[in-house]
Protein chains: 2
Amino acid sequence: MIQRHGRSSLELINRPSVLSWGAVVGKNEGEGPLKNEFDKIYYDSGASQETWEKSESFFQQHAFMEAIEKGSIHPHDIDIMFSGDLLNQCISSSFGLLEFNVPYLGQYGACSTMAQTLLLSGLFVNGEIADTAAAVTASHFCSAERQFRFPLEYGGQRTPTAQRTVTGGGCAIVGKHTEGKPYINAVHVGTMVDLGIKDANNMGAAMAPAAARSISDFILDTDTKPSDYDLILTGDLGEVGSKLLCELMLNDGIDIRKNHNDCGLLIYDREKQDVHAGGSGCGCAASVLCSHILNSISEGRLKNVIFAATGALMSPTSSQQGDSIPGICHIVNLKAE
Amino acid sequence: MIQRHGRSSLELINRPSVLSWGAVVGKNEGEGPLKNEFDKIYYDSGASQETWEKSESFFQQHAFMEAIEKGSIHPHDIDIMFSGDLLNQCISSSFGLLEFNVPYLGQYGACSTMAQTLLLSGLFVNGEIADTAAAVTASHFCSAERQFRFPLEYGGQRTPTAQRTVTGGGCAIVGKHTEGKPYINAVHVGTMVDLGIKDANNMGAAMAPAAARSISDFILDTDTKPSDYDLILTGDLGEVGSKLLCELMLNDGIDIRKNHNDCGLLIYDREKQDVHAGGSGCGCAASVLCSHILNSISEGRLKNVIFAATGALMSPTSSQQGDSIPGICHIVNLKAE
């Protein structure tokens, strides 16, 4: 049922399918190049909620609702839900998903959460631990700014290497292998990597080494090469981190420049939108994967994709205490049926 | 390999074993009734670290080190590590466990983390996703007070229903079925339950309904009765939550009063130690399970234990915004060989 390659690359022999997916985003994301791919765009990014944290919960909740409605699935038919987010104690997940009454395992992978929840969903369905599993996450620009940087009212200037936290959420429902649906061919569980970067305004650079390690390991473990994949898609390295990733991998003799892209670069039009180095946040990889990417695999435009979402495992407290920023990168290899 | 009972009670047919376990605690815990069961007691609860957050990382790190040393296991032989904690963005896990270079999936289950990480370890080994898995967590009184309540210097008075966050950590290493070792017979993934309790100084009451639901569901799903178990051990309901749990279950016709106990009541001597309603925090269930309980199962004093750790899925922000406190309870059913 499972074939292990190397230490943590896992081939899912039962090929669980992504049965349905949903992505909901805010105004800025809805004005970007993927605007026609999202299920819903809320031009009021607060989504009429009392607080930014509740808005983030709303995006998590509505991503899940889009996914189950599109798949004609009742929450009661979902055996397990994996979810997490960037808010302290992951409250956008718990409050956003409470009402659906689904067995729940909270995850913390920072911006890698979409890959982490999807890989666990894949492993659970592949191993017949669950028939149907949900992977959900979201982020919100305003709650992230308040928690990680400055309250919006402060009007702080952002550095050119800073990325913009995506307001949006994504959900993928995984079930038994189903013809015509994208399926999970393999996954890779990342190991934390810390090269000593301490600049919390340059997350891309902090996470790139973890991405390089996981992608290299996965390619070597599975005895494949970059050209086997239509797309090697990182989560949210943005411009700085993406360049660094390609350089780091080239140093190791692996050239991914031709087929690498990054969710943080895809979601905004950086010429027209003021987003500095690109998008970030759990909702970045989630809303791009659960719209444009899964749509493209489903419609045959992409056949074999490495989805490698990265996370920075720091907090404002650890940064204030002078700690560096450990990164992690989890991988889900998605294929067209 | 897996037998599913009900929606989320899972019987692990391959009976993965807990190969080794370790628990390290601070001064107060080391002066309590379990003092002879812990692997190490640090009478300087700061463990010579610069900050309380780094002390918490230290306890996480040293719990893991005790467990692998006692099991004569090298970190490289561990295929996957599940860990989480209560600090914002789970930094005591990431910084404490970074150096071991083990594939890592961060978890967020608040005080239920020991059960959540152990059930995932059990499922991964049972399903041959990993040969060896580590479940780790810790908490620290001083970092928790600062983050969730008041800085220690403030000298705030605590309410009688408040619990004391345990300074300590626990780690369990799970591997293939091994004669003479405690094994994981079954697990249950909890569902969030929110009965509207809003008092952040009464976590036991907030979590009791989730414990009642998970324990009832598990007992019904597996067609067992309370008297089949030597011990039904909740994580950290403390005095108030434990009473409430027994009442709630009695209302449903299930009497667990004779064999229920709680890690938060076991770890301190509430007559002599000023701990109000008992212990709490991820490190409470972790340090009690990974010392007294696993020792007792290993030595045959306990044969069949329900370990039901509870978590409160709130944050100071959600409480300040007037939200209630959702609870969750995950279960690991441990048996003597």
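Note that this is a predicted model, so its numbers are computed, not measured.

Visitor: Can you help me understand the overall build of chain A in this one?
Guide: Scanning chain A for helices and strands turns up 10 helices and 15 strands. Oriented by its inertia axes, the alpha-carbon framework of chain A measures out at about 55 × 50 × 35 Å. Among the 337 residues that make up chain A, the fraction classed as buried is 65%.

Visitor: Any chance you could explain the relation of the copies chain A and chain B here in plain terms?
Guide: The relation between the two copies of this chain is a rotation about an axis and a shift parallel to it. Superposing chain A onto chain B requires a rotation of 180° together with a translation of 0.0 Å along the rotation axis, leaving an RMSD of 0.0 Å. The superposition of one copy onto the other is thereby described by a two-fold rotation axis. Comparing interface residues between copies, 100% of those in chain A also lie at the interface in chain B; the contact surface is shared.

Visitor: What is the right way to read helix α9 (residues 282-298) of chain B from this model?
Guide: It helps to recall that an α-helix has 3.6 residues per turn; residues three or four apart then point in one direction. All names here are of chain B. With 17 residues, α9 should cover 24 Å at 1.5 Å per step; its first-to-last C-alpha distance of 23 Å lies within 8% of that length. Of all the bends found along α9, the most pronounced is centred on Leu289 and spans about 40°. Burial within α9 is extensive, with 14 of its 17 residues counted as buried. Backbone geometry just downstream of α9 places Gly300 in the positive-phi region, at approximately 80°.

Visitor: Looking at this model, I keep getting lost on the interface of chain A and chain B. Mind explaining?
Guide: Size of an interface, as often reported, equals the accessible area lost when the parts are brought together. Contact residues are listed per partner, giving 46 residues for chain A and 46 residues for chain B. Those elements that provide at least two residues to the side of chain A that touches chain B are β5 (80-84), α3 (91-97), β6 (104-106), α4 (113-126) and α10 (316-320) of chain A. Its residues assigned to classes, the side of chain A that touches chain B shows 22 nonpolar, 18 polar and 6 charged.

Visitor: Could you clarify how one ought to interpret the nonpolar core in this entry?
Guide: A:Phe307 and B:Phe307 are the most contacted members of the largest nonpolar core, which has 236 residues in total. Once you skip the residues sitting within four places of it in the chain, A:Phe307 turns out to touch A:Ala115, A:Leu233, A:Leu289, A:Ile293, A:Ile331, A:Val332 and A:Leu334.

Visitor: Would you take a moment to explain the domain arrangement of chain A for this structure?
Guide: All names here are of chain A. Under the domain assignment used here, chain A contains domain 1 (2-175) and domain 2 (183-335). One C-alpha centre belongs to domain 1, the other to domain 2; they are set 16 Å apart. Each side of the interface is counted separately: domain 1 has 60 residues, and domain 2 has 58 residues. Top element by residues in the side of domain 1 that touches domain 2 is α4. It accounts for 8 residues. Taken together, the residues of the side of domain 1 that touches domain 2 break down into 29 nonpolar, 23 polar and 8 charged.

Visitor: Please explain the pairing of strand β2 (residues 9-12) of chain B as it appears in this structure.
Guide: Strand residues, when the strand is regular, have side chains that alternate between the two faces of the sheet. Residues and elements named next belong to chain B. Across 4 bridges, strand β1 (residues 2-5) lies against β2 in antiparallel orientation. Counterpart to His5 in the pairing with β2 is Ser9. The antiparallel hairpin formed by β1 and β2 contains 3 residues in its connecting segment, where Gly6 sits at a positive phi of about 65°.

Visitor: Any chance you could explain the packing of helix α6 (residues 203-221) of chain B against helix α7 (residues 238-251) of chain B here in plain terms?
Guide: A pair of packed helices is captured by two measures, namely the crossing angle of their axes and the spacing between those axes. Residue and element names in this part refer to chain B. One can describe the packing of α6 onto α7 by two numbers: an axis separation of 8 Å at closest approach and a directional angle of 40°. In terms of orientation, α6 lies oblique with respect to α7. Relative to α7, the crossing made by α6 is right-handed. Residue-level inspection shows Gly204, Ala205, Met207, Ala208, Pro209, Ala211, Ala212, Ile215 and Ser216 of α6 in contact with α7, the latter providing Gly238, Val240, Gly241, Leu244, Leu245, Leu248 and Met249. Residue composition of the contact of α6 with α7, by class: 12 nonpolar, 4 polar and no charged.

Visitor: Looking at this structure, how should I read the confidence of the model for chain A?
Guide: Caution applies to low-pLDDT parts of the model: their predicted coordinates are not meant to be read in detail. In this model, chain A carries an average pLDDT of 96, and 100% of its residues clear a pLDDT of 70 or more. The ipTM value of the predicted complex is 0.97, and its pTM value is 0.98.

Visitor: Whenever I open this one, the pairing of strand β7 (residues 133-139) of chain A confuses me. Can you help?
Guide: Residue and element names in this part refer to chain A. Along β7, 7 of the 7 residues are buried, which leaves the element largely enclosed by surrounding structure. The two faces of β7 match: Ala133, Ala135, Thr137 and Ser139 on one face and Ala134, Val136 and Ala138 on the other face are all buried. By the bridge criterion, 5 bridges tie β5 to β7 in an arrangement that is parallel. Along β7, the bridge assignment pairs Met81 with Ala134. Examined bridge by bridge, β7 and strand β9 (residues 168-175) share 7 bridges and lie antiparallel to one another. Bridge pairing in β9 places Ser139 opposite Gly168.

Visitor: Explanation requested: the environment of B:Ala212 in the structure shown.
Guide: In this structure, B:Ala212 sits in helix α6. Discounting chain neighbours no more than four positions away, the residues touching B:Ala212 are B:Leu245, B:Leu248 and B:Met249.

Visitor: How do you make sense of the packing of helix α4 (residues 113-126) of chain B against α9(B) when you look at a structure like this?
Guide: All names here are of chain B. The interhelical angle for the contact between α4 and α9, taken along N-to-C directions, is 55°, at an axis separation of 7 Å. With respect to α9, the axis of α4 lies oblique. Residues Thr113, Met114 and Ala115 of α4 touch α9, and the partners they reach there are Cys282, Ala285, Ala286 and Leu289. Its residues assigned to classes, the contact of α4 with α9 shows 6 nonpolar, 1 polar and no charged.

Reading the values: the criteria
- Residues numbered from 1 in each chain as written.
- Chains lettered and ligands numbered in written order.
- Predicted model: local features only at pLDDT ≥ 70, side-chain atom pairs only at ≥ 80, totals over all residues.
- Helix = DSSP H or I, 4+ residues; strand = E, 2+ residues; numbered from the N terminus.
- Buried ≥ 20, exposed ≤ 12 C-beta atoms within 10 Å, placed from the backbone.
- Least-squares fit on C-alpha atoms with pLDDT ≥ 70 in both.
- Contact = placed C-beta atoms within 7 Å.
- Expected span 1.5 Å × (residues − 1).
- Bend = angle between axes of the 7 residues up to and from the residue.
- Nonpolar A, V, L, I, M, F, W, Y, C, P; charged D, E, K, R; others polar.
- Core = buried A, V, L, I, M, F, W, Y, C linked by C-beta atoms within 7 Å.
- Domains from an automatic or database assignment.
- Pairing = 2+ DSSP bridges.
- Axes fitted to C-alpha atoms, helices over the stretch in contact; angles between N-to-C directions.
- Parallel < 35°, antiparallel > 145°, perpendicular 65-115°, else oblique.
- Left-handed = near helix turned anticlockwise from the far one by under 90°.
- pLDDT = per-residue confidence, 0-100.

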